[in-house]
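Structural characterization, general
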Amino acid sequence: MPRSKKFRRARLIVMMLVVLLVAGVGYGGYRGVTAVRASFPEVDGTVKVAGLSAPVDVKRDANGIPQLYADTSEDMFRAQGYVQAQDRFWEMDVRRHITAGRLSEMFGDSQVDTDAFIRTMGWRQVAQKEYDTKLSPEAKKYLQAYSDGVNAWLREHPGGEKASLEYALLGVVNSGYKPEQWNPVDSVAWLKAMAWNLSGNLQEEIDRSLLAQDFGPDKIAELYPDYPYSRNGTIVKTGTVNGDAYRPADGSSQPGTTPGGGTAQGAATTKALLQGLTDRIDAMPQLLGRPGQGIGSNSWVVAGSHTTTGKPLLANDPHLGPGLPSVWYQMGLHCRTASPACQFDVSGFTFAGMPGVVIGHNKDIAWGFTNLGADVTDLYLEKVTGPDTYQVDGKDEKFDLRKETIKVAGGEDRTITVRTTRTGAPLISDQSTEQQNVGKYAPNGSSAPDRGTGGYGVALQWTALSPGKTMDAVFELDKARNWDDFRAAAKDFAVPAQNLIYADAKNIGYQAPGVIPVRGKGDGSMPAPGWDSSYQWKPDPVPFTALPYSFNPAVGYIVTANQAVVDPSYKYTLTKDWEYGTRAKEITDQIEGLLKNNGKISPDDMQTLQLDNTSIMAKTLVPLLLKQQIDDPYVREAQDLLKDWNFHQDADSAAAAYYNGVWRNLLGLAFGQKFPVDIRAKDSCLLVRQQDDPTKPDSSTKIVTQCGTRDPGKAQPDGGDRWTEVVRTQLDKPDSSWWTYIDSDHKEQKGLDNLLKEAMKNARQDLTSQLGKDISTWSWGRLHKLELREQTLGTDDSSIASGVVHKLLNRGPYRLSGGSAAVDAAGWNAAAGYQVDWIPSMRMVVDLNDLDSSRWVNVGGASGHAFHQNYNDQTDLWLKGKLLTWAYTPDAVEKATKHKLVLTTG
């Protein structure tokens, strides 16, 4: 039975009191502090860990970052599991419940729809198949050792006892919950969450279809302009593919060896079906940040011939959603002596719950990732002809059916039926009900079958739903000694498809890996007709040997920032939805400028470049804003802020605040007013003019209020890199219909100049309401704030924690520099407000001349325990653009060591 509001309110009060007591706030006093510290890990002394063949040293520096020293690889991964469980087991436990579709077992009925959606995709089943059929015996051995280490820790904390504050909270509402033993597949399944959040253009497919309600193909094309190849360039010069062998065209030297082997119908896709799908996607836990176009990363590598050190320098800062605990976990994994039994000497960033190091360096090579953005997801509209049949080429095909039972804490179990097509694509429009939930309107292509009373279903084809070997690739990267080893590892990196950059003491390189589909008909930009088999993917993906790479290009550096990898002359289609290259062009220009002025690039230059917060679009837009004749002195006072602005989006800049306010209002007037409500942000309400009878052009009109319905984080226009290109292309058309808008007096106005004036006036009013009348007190950071929110307990509306509890666990707000299309990418959604919703989740600079001179920083800290000194100790450094010294060699690690724990044989 649903619980009453009175019960829920009482439950939240109890939880608040528990947290106040445990945290030592108010009257909790000494007992509260003692209870908190009881959950902190042991970091000194000796602990027995069953299964170890010899002792393992765990050396932690002042920031709690562990460096492990072992005699065998299995001992090392067993110790990694134990240590990560010490710091992050609650986070690991929640993550495995997410990927298995079992959140309801922890948090109750609020998570049933999320579980149903993930169960429908079958993340856990795919991970199990990977483990059973794809991974090497060596990878399985390491995964099992890691699991044994986690379980050794769990035996010391049965049922989560004294494991973390969060288990105390959970016990208030779900006292019967006890953590299960860790399983190797728990680790493998986390790769599916990574892939989901970095999965390409799924949201763009949905958005184009929803926009088709109101706009024709030409207008939609203006909202998704062509990539500016001539201005912003590509990661590699495109090169050629002869047979299935890629040959670079950028002056690359040849490495010694290489490793072996939407449619017109979609344009009228049902609004209700796709909006319902978007609602389910919005409800998905976003532990890596929101998936979709606009979120990216930076990496670049400079050859030793261009550096002050004489050896390559490599920088990386992946952009992901902010939160606590931090997404990344810093760690070193070291064999005391290199031998066949122990081949690892690696340090870098990994994920809690997963063995190995994902990004970092070993003694020979360094590597970094940015999202390639390959289109690896396609939606298919399916003509469902019965409970277990659908139509292909005019004939009925049988769905593959399976039952999934979702256990619900404090509630009744729920059983769902998952239907999967012959291509392995689950019918995701079934995810919240056993019956198909589709909209009213069918695609209108001439070859489309009648939708009948049931409508069309929507199936998801996604490369991550086929078993792969990405976990093998992680271990192979960690052991790689040269370019050939690196490429061999990249070949196994199936999902998510990433841009991999590389450096060793003498060389730099780039490789595009990943399983990328080859389509029949269609280009993946719109949902495809599943009833026509000619739109299905080809059996084999793009061959790895045909994927672009670069090795020691003549220019002497490589930049990847989610820009296009290649131009359209490349043989295969990687995606139609590249990021638009603004950050990549700025990084490239900065590198070229440094080489021209200084001749060489230093590690300090690499670090400084990561903090470049220049608004490139402002360089184009501000001169147009300053040309406008503003009569109102109130608005002109704000306009004057832009006169001497250097286009830097510093946190203390009033000009940056006003410019971004103008940018936000420009987008709202030109585009937001015209978009359907299911693309605009929830509670974003507009007064719009509406015809009494839309079928009659001459019918009278009236002013009505329309409010958006979309989750703010996904709303459009979001103001990201794509929107800079949309606006840039329209600025050459002063009479474009996009510049027609409804002003504050509810009158229709036309023309670019009028719209710019209106945007400036509205921005003045907007910022006055938020920052006050005195513009001398304005600053970008007062608008552009970051709050690090504890994520694993969910949101206030659907979690075990109240707003007061979250305030105790969250940190911030912090005032940030940067912007969505800046190198210092503190992203914000212009359709929703100015708050920061994605950030450089870590920063690193690797010096191949002296690895101990490398630098790194994380957002948050090593610990997942709220109130621990290492829970959030790196954030202040990150805010100031500072990096920690990254100790690597044994002597440097020993010098930095503040705590030493010895794990001994049990």
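Here the structure is a predicted model, which means the values were calculated and not measured. (Residues numbered from 1 in each chain as written. Predicted model: local features only at pLDDT ≥ 70, side-chain atom pairs only at ≥ 80, totals over all residues. Heavy atoms only, no water.)

Attention now goes to the nonpolar core. In terms of nonpolar packing, the biggest core is built from 238 residues, with W462, Y570, Y658, Y659, F671 and L903 touching the most fellow members. No other element matches the twelve residues that helix α20 (residues 654-670) contributes to this core. Every residue in contact with Y659, bar those within four places of it in the chain, is listed here: S615, M617, A618, L621, V622, L625, L642 and W645. Counting residues in each nonpolar core, the second largest holds eleven residues, with V392, F399, A459 and Y535 among its members. (Core = buried A, V, L, I, M, F, W, Y, C linked by side-chain atoms within 4.5 Å. Buried < 20%, exposed > 50% of the residue type's maximum accessible area, 1.4 Å probe, protein only. Helix = DSSP H or I, 4+ residues; strand = E, 2+ residues; numbered from the N terminus. Contact = heavy atoms within 4.5 Å.)

Read from one edge of the open sheet, eleven strands run β1-β34-β2-β3-β8-β9-β10-β11-β18-β19-β21, paired in mixed fashion. Edge strands, defined here as strands with exactly one partner in the open sheet, are β1 (45-49) and β21 (549-551). Ignoring strand direction, the axes of neighbouring strands in this sheet form an average angle of 15°. Sheet topology note: the strand β8 (residues 329-335)/strand β9 (residues 345-350) ladder contains six bridges and is antiparallel. Residue pairing in the sheet places Q330 in a bridge with F349 of β9. (Pairing = 2+ DSSP bridges. Axes fitted to C-alpha atoms, helices over the stretch in contact; angles between N-to-C directions.)

Let us now look at the state of the cysteines. Under the definition given, this model contains two disulfides. Paired by a disulfide, C685 and C707 hold their sulfur atoms 1.9 Å apart. An S-S torsion of about 105° defines the bridge between C685 and C707 as right-handed. On the criterion of sequence distance, the pair formed by C685 in strand β23 (residues 685-691) and C707 in strand β24 (residues 701-707) is long-range, its members being 22 residues apart. You can call C685 partly exposed: its relative accessible area is 38%. For the chain, the bonded cysteines connect in the pattern 1-2, 3-4 when numbered consecutively along the sequence. (Disulfide = S-S within 2.5 Å.)

What follows concerns the packing of helix α7 (residues 137-156) against helix α14 (residues 470-479). With their axes 9 Å apart at the nearest point, α7 and α14 run at an angle of 90° to one another. Classified by the angle their axes make, α7 and α14 are roughly perpendicular. Listed contacts from α14 to E138, A139, Y142 and L143 of α7 are M471, D472, F475 and K479. In the contact of α7 with α14, the residues fall into five nonpolar, no polar and three charged. (Parallel < 35°, antiparallel > 145°, perpendicular 65-115°, else oblique. Nonpolar A, V, L, I, M, F, W, Y, C, P; charged D, E, K, R; others polar.)

If you walk through the whole model with that rule in mind, you get 42 salt bridges. One salt bridge connects R60 with D87, and the closest N-O pair in it is separated by 2.9 Å. Of the two residues, R60 is situated in strand β2 (residues 56-60) and D87 in helix α3 (residues 73-100); the sequence distance between them amounts to 27 residues. One salt-bridge network, held together by shared partners, links D93, R96, R124 and D186. (Salt bridge = Lys/Arg side-chain N within 4 Å of Asp/Glu carboxyl O.)

The subject of this paragraph is the packing of aromatic side chains. Scanning the entire structure with this criterion turns up 44 aromatic pairs. Both rings, one in Y142 and one in F344, keep their centres 5.5 Å apart while their planes meet at 80°; by these two values the pair is edge-to-face. For the pair shown, Y142 and F344 are each scored as buried. Members of the aromatic cluster, each reached through a chain of ring pairs, are Y246, W483, F486, Y502, Y549, F551, Y570 and Y572. Its end group placed over the ring of Y131, K140 keeps NZ or CZ at 5.4 Å from the ring centre. The positively charged end of R487 is found above the aromatic ring belonging to Y549, 4.3 Å away from the centroid. (Phe/Tyr/Trp six-rings, centres within 6.5 Å; stacked < 30°, edge-to-face > 60°. Lys NZ or Arg CZ within 6 Å of the ring centre and 35° of its normal.)

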